[in-house]
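Notes for the structure review
As a plain string of letters, each chain reads:
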Amino acid sequence: MSRRPIIAGNWKMHNNRAQSEELVCGIRDAIKSIDKDLLPEVVVAPVFTSLDVVSKNICNCGCGRIQLAAQNCYYEAKGAFTGEVSIDMLKDFDTKFVIIGHSERRQIFSETDEMINKKAIAIIEAGLTPIICCGETLEQRELGVTDSHIASQIVKALENVKPSDVANVVIAYEPIWAIGTGKTCDSAEANRVIKVIRTTIAQIAGKDNAEKVRILYGGSVKPETIKEQMAQSDIDGALVGGASLKVDSFVEIIKGAMK
Ligand code: PGA
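Summary of the structure given here. (Residues numbered from 1 in each chain as written. Predicted model: local features only at pLDDT ≥ 70, side-chain atom pairs only at ≥ 80, totals over all residues. Heavy atoms only, no water.)

**Observations regarding the site of the ligand**
In the vicinity of the ligand, 13 residues are found, and the nearest of them are K12, H102, E174, G180 and S220. At 2.6 Å from an oxygen atom of the ligand is found a main-chain nitrogen or oxygen belonging to G180. Protein chains bury 95% of the 280 Å² of accessible surface belonging to the ligand in isolation. (Near = heavy atom within 4 Å. Polar contact = N/O pair within 3.5 Å; in protein donor to acceptor, adjacent residues only side chain to side chain. Areas by Shrake-Rupley, 256 points an atom, 1.4 Å probe, with all protein chains shown as cover.)

**What about the nonpolar core?**
Note on soluble globular proteins: their nonpolar side chains tend to be buried together. Counting 68 residues, the largest nonpolar core has V44, I171 and I201 as its most contacted members. With six residues, helix 9 (residues 187–205) is the single largest residue contributor to this core. Setting aside residues up to four positions removed in sequence, I201 forms contacts with I154, L158, V166, I171, G206, A210, V213 and I215. (Core = buried A, V, L, I, M, F, W, Y, C linked by side-chain atoms within 4.5 Å. Buried < 20%, exposed > 50% of the residue type's maximum accessible area, 1.4 Å probe, protein only. Helix = DSSP H or I, 4+ residues; strand = E, 2+ residues; numbered from the N terminus. Contact = heavy atoms within 4.5 Å.)

**A short note on the pairing of strand 7 (residues 214–218)**
Counting buried residues along strand 7, five of its five residues qualify, which places the element largely inside the surrounding structure. By the alternation rule, side chains of strand 7 split into R214, L216 and G218 and I215 and Y217, which are all buried. Alignment of strand 6 (residues 170–173) against strand 7, held across four bridges, turns out to be parallel. Along strand 7, the bridge assignment pairs I171 with I215. Relative to strand 8 (residues 237–240), strand 7 runs parallel, the two being bridged by two bridges. Counted as the bridge partner of G218 is L239 from strand 8. (Pairing = 2+ DSSP bridges.)

**What about the side chain of Q229?**
Residue placement: Q229 occurs in helix 11 (residues 223–230). Q229 gets classed as buried once you look at its relative accessible area, which sits at 3%. Here the side chain of Q229 touches T225 through a polar contact of 3.1 Å, side chain to side chain. If we skip the residues at most four places from it in the chain, Q229 touches T184, S187, Y217, V221 and I235.

Right, here's the structure in full:
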């Protein structure tokens, strides 16, 4: 089964409009002459206030090499939800992916598995693709409960999602202790946990659908780590934070994931 790799840049709460424009144009120009079939699917997730300018610059590229993601959404269509953004509103910018369940959203903004599940269902119904994040804390790893914790996050996030829709979701395995710390999870270990995720998905949605799901690794991905990560059997790409904020390092990561 060959799954097209994804390299996604999660810009988090960085970059105003001008900085976002500079970054996306830099990435776009650096990859515009690369054969599209050799490239991974390249995704960038700017802050809401930069979706507009990033979207315009991606479209101007005219070559479909970069796709747009949002970092969050709300699952209701509209109404009295101060501060939230609906999926339909994200569609104004031709947003294709929405990152949900990032550990920062879970830990800082108290997002629950139930909310993440509602978001996943709403995103799929709207025709977009959720990038569902999961990951264990250092404490959970040391207690030896990594696999059961991850499996539980996946089961809850995908509750009531049709098996055929499960095949199209993207999962990001991001051990929390590896995020923004410079401490990358050992590639073989990341691959092992990702296999646990795939087995869990197979139990929910069948083996064929599970084989289609793209599962990314995230947590201090750098140009120096990507080749080894991509060489693993079950790692289908990366969700990149810090290293996605500089054109050079992000482009090197993209190139490291090329065929
Ligand atoms: P990092 O962040 O690459 O800076 O560790 C990854 C993420 O939070 O998605």
